[in-house]
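# Descriptive structure summary
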Amino acid sequence: MTFHLFIPIVSPLIGAALAVLLHRQWVVVRALTLISVLINLGYGLWLMSVVPQSGPLVAQASGWLAPFGISLVADGMSALMVMLAALLMLTTVVYSFYSVDREREAHFYYPLLLLLLLGVSGAFLTGDLFNLYVWFEVLLVASFGLITLGGSREQLEGGLKYVVLNLLGSTAFLFGCGLMYGFAGTLNMAHIAERMATLADPGLQTVLAGVFLFAFGSKAAIVPLFFWLPSSYHTPPVAVTAIFSGLMTKVGVYSLYRVFGLLLQNELAIYAPWITLIAGLTMVIGVLGAVAQMNVRRILSFHIISQIGYSVMGLGLASAAGLAAGLVFTAHVMIVKMALFFIGGAAEQINGTGDLKKMGGLARREPLLALFWFLGILSLAGIPPLSGFIGKLILLQVGVSQQAYLITAVAAGTSILTFFSMLKIWNEVFWKKSYEDVNRLPRVRFGLLAPGAALVILSVALGLVAGPLVEYNTIAGQQLFDRAAYITAVCGADGCEAVYRAAVK
Amino acid sequence: MLPLLLMLSIFMLFRGHNLPGGGFIGGLLASSAIILQMVAFGPKVARRILPVNYLILAAFGVFFGALWGLPALFAGLPYMQAFWLPEPIPGVGKIGTPVLFDIGVYFTVIGVTTKIALLLVEEPILFPFPEMKSVPVDHQEEVA
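It should be emphasised that the depicted structure is a prediction, and the values quoted were computed from it without experimental measurement.

The next thing to look at is the overall build of chain B. What chain B contains, in helices and strands, is 8 helices and 0 strands. When the elements of chain B are put in sequence order from the N terminus, they spell out α-α-α-α-α-α-α-α. Taking contacts inside chain B between residues at least 6 apart in sequence as the whole, the part at least 24 apart equals 61%.

The following block contains the structure:
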């Protein structure tokens, strides 16, 4: 029992409540936000240092026993995600200090960011299926607030699509929860995993897997459920788009990994070819969708979808090694994608527009910004020695070793297309001559450059020192796939069923 | 109805730990008392009943509720593990951290539901598109 596992949930919750109470003192609000995020980051790093050796850590809410109460479970994947969420939120908060207007700050911008972090951390830590749904709602409500905050016409339009299509996904998720409870008689993930092995109704199990694939797939923006993403992500302020790109779709990917890796392991074998097909389509369609776009953030939004394909490919490989490779890639893409949004957003703020045709000449005006952008796109495309190379290399290696040649070839080909598409932004924004006098443009402020630069440097570092990351994720992938260890950690050596029987008597 | 409903809501609040009731139901009853006043006499009168910023009230509720999960954390127990006073207080019942948590929920529910109702009624003031003329509340009442 690890009683302090609640810290990453309690700290943003209390931080957000206090920030609303003290919303008139903006210094206090900023400080509270920063402190909450730093607490989460520190705790996430500590978790990552402990979990590979100790196995999953568990806490039972209010001390209620496992199959009855709500469990919090931190295994390798959860720890990594909690840490990354806090790290990315930290860069977003710093970027927001320099870019978000006072009007938004006064209307609870930072409390909403903290609530988003609350929902995301809760979703990563929970060991209960319905509780996962609740955390999804928390983070979605916070994101609804963030995406429409400001209330301009195009924001409301984008926000409407975002809200409606996300509600559709949530409804499917709720259906899935209901079906699961009717089928397995429990919602505790460890208990479900245990009962899934003994319950024999392959038809219903397959339906359940399909419902969850739809629900989380629409959150993760896989083909053909992705269309809400590019039509809404370019409307809010840059900082909001960036944190969405880093966290929102990845919570969907995390849930897919968790549900298929732990609960529906047997179904994963059936669905693997379809998941792989979806992964391939997602990669290609995402990249091709970006070709037609002429707006920095819209292009980047389509690339989010394309990259999700790689994460889903890890799941489609249906093995511990595949999941581990997918996790390495997901961690890399969360960092790099946000870096690109920050840098692209900074360029957008300098130019006052995100329209590629009206931008230009920034390589001469802001060489540092251009340098980091170039490193970022190299990493996204997967050029050694950056982190993208490691992420893709491992994924392709596992693909080849499992004789999944077609998806491997598609993944490799998509990398080249990604690079081409990114070069378009490079040419238009940084390289070509500007129609206007570049020297009249405002200089980029340190606060706008630093978050993106820091993330790019992190990506370079992860590429150079890839050993620990890969090792960590190999363990995380094994933990994710190891049902018995998870059940033992949550319910004790005899399993949840024994605890349940003893209590019901 | 106002005092009656408010009394009932507080009764529900303290009854709630092991019986139907609790902070959520109590909060709904209290806010329905305010909303009834609003339906009968309009939002201005309703605002005078509890002259606070409802958003702040809700945030205070969240803070207050979350606060009472903390003692367990400091005692090395899982968050929200309950602590109870050994003896029940006459007229109120057993007092412990879950009751205090429920009081937090109570304030949050009052704050949020009343705020939503007031926003819906006073909407024309906050209408997002200024180019569209909206009918002020008082006129609508006359028409009705």
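Further remarks concern the nonpolar core. Residue and element names in this part refer to chain A. Counting 227 residues, the largest nonpolar core has Ala 17, Ala 85, Leu 116, Leu 139 and Val 490 as the members making the most contacts within it. The dominant element in this core, judged by the number of residues it contributes, is helix 14 (residues 320-351), at 21 residues. Residues in contact with Ala 85, not counting those within four places in the same chain, are Leu 117, Val 120, Ser 121, Phe 124 and Leu 247.

Residues and elements named next belong to chain A. For the bond running from Val 223 to Pro 224, omega is 5°, close enough to zero to count as cis. Secondary-structure assignment places Pro 224 in the loop between helix 9 (202-220) and helix 10 (228-232). In this structure, the amide linkage connecting Pro 384 to the following residue, Pro 385, adopts the cis form with an omega of 5°. Along the chain, the position of Pro 385 falls in the loop between helix 16 (367-381) and helix 17 (387-401).

Two numbers describe a pair of packed helices, the interaxial angle and the distance between the axes. Residues and elements named next belong to chain A. Running from amino to carboxyl end, helix 16 crosses helix 19 (residues 446-464) at an angle of 40°, the nearest separation of the two axes being 10 Å. Classified by the angle their axes make, helix 16 and helix 19 are oblique. Pair helix 16 / helix 19 crosses with left-handed handedness. Packed against helix 16, whose contacting residues are Leu 368, Leu 369, Phe 372, Leu 375, Gly 376 and Ser 379, the element helix 19 presents Leu 449, Gly 452, Ala 453, Val 456, Ser 459 and Val 460 at the interface. Grouping the constituent residues of the contact of helix 16 with helix 19 by class yields 8 nonpolar, 4 polar and no charged.

Glancing now at helix 7 (residues 153-184) of chain A. Residue and element names in this part refer to chain A. With 32 residues, helix 7 should reach 46 Å at 1.5 Å per residue; the first-to-last C-alpha distance of 46 Å fits that figure. Among all positions in helix 7, only Gly 158, Gly 159, Tyr 162, Leu 165, Asn 166, Gly 169, Ala 172, Phe 173, Gly 176, Met 180 and Ala 184 are buried. Looking one or two places after helix 7, you find Gly 185, whose phi comes out positive at around 75°.

Before going further, it helps to examine the interface of chain B and chain A. Contacts between the two partners involve 17 residues from chain B, matched on the other side by 16 residues from chain A. Among the elements that line the side of chain B that touches chain A, the one with the most residues is helix 4 (residues 54-67) of chain B, at 7 residues. The residue inventory of the side of chain B that touches chain A, partitioned by class, reads 14 nonpolar, 3 polar and no charged.

Once that is clear, we can look at the pairing of strand 2 (residues 71-74) of chain A. Strand residues, when the strand is regular, have side chains that alternate between the two faces of the sheet. All names here are of chain A. The side-chain alternation of strand 2 yields two buried faces, one formed by Ser 71 and Val 73 and the other by Leu 72 and Ala 74. In terms of strand pairing, strand 1 (residues 57-60) meets strand 2 through 4 bridges, oriented antiparallel. By the bridge assignment for strand 2, Leu 57 is matched with Ala 74.

Now for the confidence of the model for chain B. Residues and elements named next belong to chain B. Counting all residues, the mean pLDDT for chain B is 77, and 76% of those residues have values of 70 or more. When the elements of chain B are averaged for pLDDT, helix 8 (residues 137-143) gives the smallest value, 41, and helix 2 (residues 23-41) the largest, 89. Taken over the whole predicted complex, pTM reads 0.90, whereas the ipTM for its chain interfaces reads 0.77.

Conventions we followed
Residues numbered from 1 in each chain as written. Chains lettered and ligands numbered in written order. Predicted model: local features only at pLDDT ≥ 70, side-chain atom pairs only at ≥ 80, totals over all residues. Helix = DSSP H or I, 4+ residues; strand = E, 2+ residues; numbered from the N terminus. Contact = placed C-beta atoms within 7 Å. Core = buried A, V, L, I, M, F, W, Y, C linked by C-beta atoms within 7 Å. Buried ≥ 20, exposed ≤ 12 C-beta atoms within 10 Å, placed from the backbone. Axes fitted to C-alpha atoms, helices over the stretch in contact; angles between N-to-C directions. Parallel < 35°, antiparallel > 145°, perpendicular 65-115°, else oblique. Left-handed = near helix turned anticlockwise from the far one by under 90°. Nonpolar A, V, L, I, M, F, W, Y, C, P; charged D, E, K, R; others polar. Expected span 1.5 Å × (residues − 1). Pairing = 2+ DSSP bridges. pLDDT = per-residue confidence, 0-100.

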